[in-house]
Each structure stands twice: as C-alpha cells, then as structure tokens.
Amino acid sequence: MAHPSPKPRRDYDADPHDFFIEPEWCVHALLDAERFVGDVLDPACGSGTIPRVCNQRGITTRQEDIVARKGVQIVADFLAPLSPIVVLNDNIICNPPYGIAEQFIRRALQVTNHKVAMILQEKFLYSGKRHALFTETPLARIYFLSDRPSMPPGDKFLAGEIDAKGGSVNYCWMVWSQDHHGPPTAHWLRKPATIATQVAA
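Because the structure is predicted, anything quoted here is derived from the model rather than measured.

What counts and how
Residues numbered from 1 in each chain as written. Predicted model: local features only at pLDDT ≥ 70, side-chain atom pairs only at ≥ 80, totals over all residues. Heavy atoms only, no water. Buried < 20%, exposed > 50% of the residue type's maximum accessible area, 1.4 Å probe, protein only. Helix = DSSP H or I, 4+ residues; strand = E, 2+ residues; numbered from the N terminus. Pairing = 2+ DSSP bridges. Salt bridge = Lys/Arg side-chain N within 4 Å of Asp/Glu carboxyl O. Right-handed = clockwise from strand over helix to strand, strands pointing away.

1. A closer look at the pairing of strand E6 (residues 139–145)
A large share of E6 lies buried, amounting to six of its seven residues. Bridge count between E6 and strand E8 (residues 185–189): five bridges; the pairing is parallel. If you follow Leu145 over to E8, its bridge partner there is Leu189.

Here is the structure:
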C-alpha cells in the first residue's frame, strides 16, 4: 500500500503511495472462510486493518510497511533484494499496492511456508500478462466479495478529509497455498452479519 503506483485505482483519485484502507469486514469474511495456521505478516499494513482483525481472532501478526505510520512495527521495503538468509513467514495476508501487486505476490510466495492471501480488484484476474501467475503458482482459491467494499485513500481518510462512501469496484481475495496442486476453486463471500472473534475452524 505504500509503494508509488503508476495507475489510479478504485473509485477515488490516485494516492501517491497507493495507500487505500480496506474495511475490517473484508478481513473477517476471509478468516471465516479460510484457516491460517501459524502467524501472519502484512508487508503493506498501512493503518493496520489486517493485523488488527487477525489479532482480534487470536492470530499473531507482524506489521510491516515502507512508510512509518502509527502501528507499523517494521519499516521496510518488501521488494528489496532478499538477504542470503531469508526468514520465512507462516502466512502473508495483504492489500498490496495495485500497480506492483504481481511483484508482491511473487515475493510473498518466496518467503512463506503456508498461505498467501491478497485482496485485489477483480479486474486483476483478466490479464494475459498475468497468465503465468495464475497457472504456474499454487493459486488455490478465489473468494469474490459479493458486497462491494469501500476503500478510500488512507491518508485522506485518516485525516478526516473524506468518508468511506459506498464502493463501486468489485474485489476478491486470492489465496495461494504452498501445498496446493491443480486449478483454483471459486467462492463467494458476503459481508458478515455478525463479526466472530476467534479463528475460523
């Protein structure tokens, strides 16, 4: 969310760091449907929505971003060259900078033991250039969000300059599992009527 992006996204003006805030219900919906064993890293945590929801449900997290915002534990460039000794994460859950989302996904797959989950605009799926990303990696499940989330520019939203108005862009969670073989399956998620506070079984 913090890297500069060459293209605007969503139904708002472009943000200089591609920092947009996902609503908490999107994370709850994912965790209701998908089990994550071990800890979770969010390498573009922004204001900390994903780690906050994971912590509410008993999942240990690490919060990393390229910009030093409140709550960021580690200030680092996730796409920097890897050191000779790579510390593997159990899982990564992230709202990546859209313009460099493929790079984020490929790096995440290099540094995780179990699962990678990324929330992305649905149009990300429709690209000939990304055909190999979808067919040659262990993409296991795609969760389409039936309710469109609003994702306002983070800095403006946190400053109170704009509201989180109703969303007009389709989103999905894409989940890679290191032990998955075969094509991905498609699923649909609704905004939870009630929010659970434990890890989904």
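2. A closer look at the pattern of salt bridges
Any two side chains of opposite charge can pair if their charged atoms end up close together. One pass over the structure, following the stated rule, counts seven salt bridges. Residues Arg69 and Asp65 are paired through a salt bridge, measuring 3.5 Å at the closest nitrogen-oxygen approach. Of the residues examined, Asp65 reaches a relative accessible area of 0% and is grouped as buried. Of the charged contacts in the structure, one is a salt bridge between Arg190 and Asp147, with a shortest N-O distance of 2.8 Å. Of this pair, Arg190 sits in the segment after E8 while Asp147 sits in the loop between E6 and helix H5 (154–158); the two residues are 43 residues apart in sequence, bridging distant segments of the chain. On the basis of relative accessibility, which here comes to 56%, the residue Arg190 falls in the exposed class. If you follow the salt bridges from partner to partner, you end up with Glu34, Lys115 and Arg141 in one network.

3. Some thoughts on the pairing of strand E2 (residues 61–65)
In terms of burial, E2 is a largely internal element, four of the five residues being buried. Here strand E1 (residues 40–42) pairs with E2 via three bridges, running parallel. Directly across from Asp42, in E2, lies its bridge partner Gln63. Viewed along the sheet, the connection from E1 through helix H2 (residues 49–56) into E2 turns out right-handed. In the sheet, E2 pairs with strand E3 (residues 74–75) via two bridges, with the strands oriented parallel. Bridging from a neighbouring strand, Asp65 pairs with Val75 of E3.

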